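So you can see what is in the structure, the chains are spelled out below.
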Amino acid sequence: MTGLSGKERAEALDAIRGRGLAVSTGVVALVAVFYAARNADTARRTHEVGQRTLALSEQGLVTDRYTKAIKQLGSTELAVRLGGIYALERIARDSARDHPTVIEVLTAFVR
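Parameters at a glance
- Residues numbered from 1 in each chain as written.
- Predicted model: local features only at pLDDT ≥ 70, side-chain atom pairs only at ≥ 80, totals over all residues.
- Heavy atoms only, no water.
- Helix = DSSP H or I, 4+ residues; strand = E, 2+ residues; numbered from the N terminus.
- Polar contact = N/O pair within 3.5 Å; in protein donor to acceptor, adjacent residues only side chain to side chain.
- Contact = heavy atoms within 4.5 Å.
- Axes fitted to C-alpha atoms, helices over the stretch in contact; angles between N-to-C directions.
- Parallel < 35°, antiparallel > 145°, perpendicular 65-115°, else oblique.
- Left-handed = near helix turned anticlockwise from the far one by under 90°.
- Nonpolar A, V, L, I, M, F, W, Y, C, P; charged D, E, K, R; others polar.

Participant: Can you help me understand the side chain of Ser75 in this one?
Facilitator: Following the sequence through the fold, Ser75 ends up in the loop between helix H1 (6-73) and helix H2 (78-94). Within polar-contact distance, the side chain of Ser75 engages the backbone nitrogen of Glu77 at 3.1 Å. Sequence-distant contacts of Ser75, that is, excluding residues within four places in its chain, are made with Val80 and Arg81.

Put into structure tokens, the structure is as follows:
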């Protein structure tokens, strides 16, 4: 910057500052995009874990209902046995995974 007049020197410094500010803004924007993408990935993974936990909880509840219904089928009281049959019917409707097993149990019970 030697050989420049005061005004030219001031303009050159302003141009350098402007470019520096533009580069700094770009770097900050890139860092913000990086962290936003990272947070979105973390949120997605957390959601997937939550979905798996929910599915396991639901299966645990179905298993508990199934066990209770089977015990009801073994009761000597007719009303309790009917309750077990209706409970198994509900499980068969609610859980496609357990439907074949419920049908087998009810078939065996009728025999």
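Participant: Just to check I follow, could you spell out the packing of H2 against helix H3 (residues 99-110) for this structure?
Facilitator: Geometry of a packed helix pair, given as the angle between the helix axes and the separation of the axes. Contact geometry for H2 and H3: axes closest at 8 Å, N-to-C directions at 155 degrees. The angle between H2 and H3 places the two elements in the roughly antiparallel class. Crossing of H2 against H3: the hand is left-handed. On H3, the residues that touch Arg81, Ile85, Leu88, Ile91 and Ala92 of H2 are His99, Val102, Val105, Leu106 and Phe109. Of the residues in the contact of H2 with H3, the class split is eight nonpolar, one polar and one charged.

Participant: Help me out: how do you make sense of the packing of H1 against H2 in this one?
Facilitator: In the contact formed by H1 and H2, the axes pass within 7 Å of each other and the chain directions differ by 150 degrees. Judged on the interaxial angle alone, H2 and H1 are roughly antiparallel. Judged by the twist between their axes, the crossing of H1 over H2 is left-handed. Along the contact surface, H1 presents Val62, Arg65, Tyr66, Ala69, Ile70, Gln72 and Leu73, while H2 presents Val80, Arg81, Gly83, Gly84, Ile85, Ala87, Leu88, Arg90, Ile91 and Asp94.

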